[in-house]
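Now for the letters of each chain:
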Amino acid sequence: MTYSPGKNASDRTPTPEPPGAADRAQRPGAMPVHKYRRYEPFRLTDRTWPDRVPERAPTWCSVDLRDGNQALLEPMDIERKRVMYDLLVRLGFKEIELGFPMASRADLEFTRDVIERDAIPDDVTIQVMSPIRDGMIEDTVKAIEGAPRAIVQIFNPTSVTQRRAVFRMSRAEVKALALRGAERALKLRDSLPGTEIYLQYGTESFTQTEPEFALEVHNAVLELWRPEPADQVRVVLPASVEAYPPHEFADRIEWMHRNLAHREAISLTLHTHNDRGSAVAATELALLAGADRVEGTLFGNGERAGNVCLITLAMNLYSQGIDPNLDLGDLDEARRLVEQCNRMPVSPRHPWVGDFAYTSFAGSHQDAIAKGLRALEESGSAAWDVPYLPIDPRDVGRDYQALIRINGQSGKGGVSHLMRTAHAFELPRRLQIEFASIVQTKAEAGGEVTADQLLVWFAEDYLHEADGAPLPGPLEDRSSPRAVLDVLLARHALEGSLGETRVQGPRAGEARHVAYAEASVGTTTRWGVGVAATEEESLARALRSVARRLVAEVAA
């Protein structure tokens, strides 16, 4: 046993405050913090998990139909359960928990529905669960009759508080209960001809159980079962309540991983809740600490603050070049179906799948994304490397149109990106700055500015030719664009200078030229834009546009 117990809070040496901290200190709060005890650190002094890196995906087991369903305000009816089950199969889950057949008629009916419809693919194993109570394990096994294969999970709570306040049992009595259930499950393992049963045991509330007692109970069960690798026994160490930080959970999992009996023959399983908001981190660290398998839900639905989100875990692996062994190519469709089944929305800021998961509103971020996408396109590289985008959104079914969305915070990078990708206007840099300023002013009223609204504003400022009077003859009859500008400004008794001019040729499938012209009168500089079927006419229109805008500005 390679750990040392932590000290009590009263024994801890206070950390010295940095110089001047007292002057900057926040006032003590009024909340009753005295009601709560700090966790006792496990102190695994020779931990190895910090030096490891993920190399492969764990075995995934979805508990959406059981743990997720019991947390819903409106539990799923059988039709919604069918939709959820079919989605899980399509996503590639090989282990799917159907329910708690003895807890409710609905769970029993759905378990029978899946079996009797022959809806279990050859590579999928269903899972059911039962507490260790008289008759319940037997009835749970009867509920899976006819299934080709199934995991039967048995569990009993072992935490200090539940032993004292709920069951009023000693350690010895709790251990004896676990062994009685394990013996029943073992006897029933071969009781259904044609059904292969795999056993799973868990000390429910592992995080609030003394580690040495949790190990004692698990090893007693494992010594009774004496599993071989072919038996595919699962041992689950659930964070039924997330009770301490992720590194502490990892220490305890590593210690259990080292000391569990018959370790080479069991699949060490995590079932992590999110009470502290760190279920994903705790699970990732615990996988480094030796766990093999993860139970969780799509998008983290579950009791209280939820279960660990399997999609987040899988996508985190994917973003590091590790195959998650799930088909996540259309996350938006998966989210739509989960919202339909759960009748609960997925947050717009949810990692990887929320509406805004790949979207930037801030100007500096938008500029970096736009430049990164263009650089990647020009390089032809197969390796993804774009600022602020950890993966290519197209991999999960998103297009690039939603990457940059405009509001009053947005800058030239975002505005020019949408004008290029949505409307094929390649704005020169100084025109980007000018138009972005116009957009920011118009967007001050609040709300998002769509790509269509951008085009309306762009047309209002640059493409409506208020001057009206045509040039005398085609453009080539003038000595230069500068001469054309002089003609246009002279009508208003103004003198100006021509800056940059540029003509953007037609793209594939288009029949238009776009011209851009920059000009100044005194210290006032403006841009004009012209669109026409020919290069000559587009430039003429751009010159009329800039002249009109200069006249309007100087007159104002």
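Residues numbered from 1 in each chain as written. Predicted model: local features only at pLDDT ≥ 70, side-chain atom pairs only at ≥ 80, totals over all residues. Heavy atoms only, no water.

This part takes up the nonpolar core. Of all hydrophobic cores here, the largest spans 126 residues; its most connected members are Trp60, Ile253, Leu298 and Phe435. Top element by residues in this core is helix H8 (residues 211-225). It accounts for seven residues. Contact partners of isoleucine 253, with chain neighbours within four places excluded, come to Phe206, Leu237, Leu268, Leu270, Ala286, Ala289 and Ala291. (Core = buried A, V, L, I, M, F, W, Y, C linked by side-chain atoms within 4.5 Å. Buried < 20%, exposed > 50% of the residue type's maximum accessible area, 1.4 Å probe, protein only. Helix = DSSP H or I, 4+ residues; strand = E, 2+ residues; numbered from the N terminus. Contact = heavy atoms within 4.5 Å.)

Our focus in this paragraph is the UniProt feature "domain: Pyruvate carboxyltransferase" (unreviewed entry) in the chain. Mapped onto the present numbering, the UniProt feature "domain: Pyruvate carboxyltransferase" (unreviewed entry) falls at residues 58-332. As a span, residues 58-332 carries 42% helix and 19% strand, and end to end its C-alpha atoms are 23 Å apart. (UniProt positions renumbered as here; feature names shortened; annotations may be inferred.)

Of note, alanine 305 is situated in the loop between strand E8 (293-296) and helix H11 (310-318). A sequence separation of 72 residues divides alanine 305 from valine 233, and the C-alpha atoms of the two residues are 29 Å apart. Sequence-distant contacts of alanine 305, defined by excluding residues within four places in its chain, comprise Asn274 and Asp275.

This brings us to the sheet that holds strand E2 (residues 95-99). The eight strands lie next to each other as E1-E2-E3-E4-E5-E6-E7-E8, forming a closed barrel whose pairing is parallel. Ignoring which end each strand starts from, the neighbouring axes of this sheet average 25° apart. Of the pairings in the sheet, the one linking strand E1 (residues 59-62) to E8 comprises four bridges and is parallel in character. Across the sheet, cysteine 61 pairs through a bridge with glutamate 295, a residue of E8. (Pairing = 2+ DSSP bridges. Axes fitted to C-alpha atoms, helices over the stretch in contact; angles between N-to-C directions.)

Below, the discussion takes up the pattern of salt bridges. Under the counting rule described, the total for this entry stands at 43 salt bridges. Measuring nitrogen to oxygen at the nearest pair gives 2.9 Å for the salt bridge that ties aspartate 367 to lysine 371. On the criterion of helical spacing, the pair formed by aspartate 367 and lysine 371 is a turn pair, its members being four residues apart in helix H13 (residues 363-379). Taken together, the shared-partner salt bridges in this structure form one network comprising Glu79, Arg82, Asp113 and Arg117. (Salt bridge = Lys/Arg side-chain N within 4 Å of Asp/Glu carboxyl O.)

The next thing to look at is the packing of H13 against helix H14 (residues 412-423). In the contact formed by H13 and H14, the axes pass within 6 Å of each other and the chain directions differ by 45°. When the axes of H13 and H14 are compared, the pair comes out oblique. Considering only the axes of H13 and H14, their crossing is left-handed. Residues Gln366, Asp367, Ala370, Lys371, Leu373, Arg374 and Glu377 of H13 touch H14, and the partners they reach there are Lys412, Gly413, Gly414, His417 and Arg420. A breakdown of the residues in the contact of H13 with H14 according to their chemical character gives two nonpolar, four polar and six charged. (Parallel < 35°, antiparallel > 145°, perpendicular 65-115°, else oblique. Left-handed = near helix turned anticlockwise from the far one by under 90°. Nonpolar A, V, L, I, M, F, W, Y, C, P; charged D, E, K, R; others polar.)

The subject of this paragraph is the sheet that holds strand E9 (residues 497-504). Strand order in the open sheet formed by three strands is E9-E10-E11, with antiparallel pairing between adjacent strands. A strand with exactly one partner marks an edge of an open sheet, and here the two such strands are E9 and strand E11 (524-532). For this sheet, the mean inter-axis angle between neighbouring strands, taken without regard to orientation, is 15°. Bridge count between E9 and strand E10 (residues 513-521): six bridges; the pairing is antiparallel. Each bridged residue has a counterpart across the sheet, and for valine 503 the counterpart in E10 is alanine 515. Running at roughly 120° to E9, helix H17 (residues 481-490) makes contact with E9 and E10 of the sheet.

Let us look at the pairing of strand E5 (residues 196-204). Most of E5 sits out of view: seven of its nine residues are buried. Relative to E5, strand E4 (residues 149-157) runs parallel, the two sharing nine bridges. Each residue of the ladder has a partner; that of asparagine 156, found in E5, is threonine 203. Across three bridges, the pairing between E5 and strand E6 (residues 233-239) is parallel.

Before going further, it helps to spend a moment on the side chain of threonine 158. Relative to the helices and strands, threonine 158 is located in the loop between E4 and helix H6 (160-166). Overall, the relative accessible area of 0% leaves threonine 158 in the buried class. Side-chain polar atoms of threonine 158 contact the side chain of threonine 209, separated by 2.7 Å. Residues in contact with threonine 158, not counting those within four places in the same chain, are Arg163, Val174, Thr203, Glu204, Ser205, Thr209 and Phe213. (Polar contact = N/O pair within 3.5 Å; in protein donor to acceptor, adjacent residues only side chain to side chain.)

A few words now on the environment of tyrosine 85. Positionally, tyrosine 85 belongs in helix H3 (residues 78-91). You can call tyrosine 85 buried: its relative accessible area is 1%. C-alpha separation for the pair tyrosine 85 and leucine 326, spaced 241 residues apart in sequence, amounts to 15 Å. Non-local contacts of tyrosine 85, meaning those with residues more than four positions away in its chain, are made with Leu65, Ile96, Leu98, Phe110, Val114, Ala119, Ile120 and Pro121.

Within the chain, residue pLDDT values average 91, and 94% of them lie at 70 or more. Per-residue pLDDT stays below 50 along residues 1-10; that stretch engages in 27 contacts with residues further than four places along the chain or on separate chains. (pLDDT = per-residue confidence, 0-100.)

Let us look at the packing of helix H10 (residues 279-288) against H11. One can describe the packing of H10 onto H11 by two numbers: an axis separation of 10 Å at closest approach and a directional angle of 55°. As far as their axial angle goes, H11 and H10 are oblique. At the point where H10 passes H11, the crossing takes the right-handed sense. Two secondary-structure elements touch here, H10 through Val280, Thr283 and Glu284 and H11 through Thr312, Leu313 and Asn316. Looking at the contact of H10 with H11 residue by residue, the classes come out as two nonpolar, three polar and one charged.

Along E10, nine of the nine residues are buried, which leaves the element largely enclosed by surrounding structure. Here E10 shows no split at all, with His513, Ala515, Ala517, Ala519 and Val521 on one side and Val514, Tyr516, Glu518 and Ser520 on the other all buried. The sheet contact formed by E10 and E11 spans nine bridges and is antiparallel. For valine 514, the partnering residue across the bridge sits in E11 and is valine 531. Between E10 and E11, which pair antiparallel one after the other, the connecting turn spans two residues, and glycine 522 there sits at a positive phi close to 65°.

The subject of this paragraph is the packing of aromatic side chains. Inspection of every chain in the model, using the stated rule, returns eight aromatic pairs. With a centroid separation of 5.1 Å and an interplanar angle of 75°, the aromatic rings of phenylalanine 435 and phenylalanine 458 are classed as edge-to-face. Here phenylalanine 435 is found in helix H15 (residues 429-442), whereas its partner phenylalanine 458 is found in helix H16 (residues 451-463), with 23 residues between them in sequence. Note on accessibility: phenylalanine 435 and phenylalanine 458 belong to one class, buried. The ring of phenylalanine 425 has arginine 512 lying over it, and the distance from NZ or CZ to the ring centre is 4.6 Å. (Phe/Tyr/Trp six-rings, centres within 6.5 Å; stacked < 30°, edge-to-face > 60°. Lys NZ or Arg CZ within 6 Å of the ring centre and 35° of its normal.)

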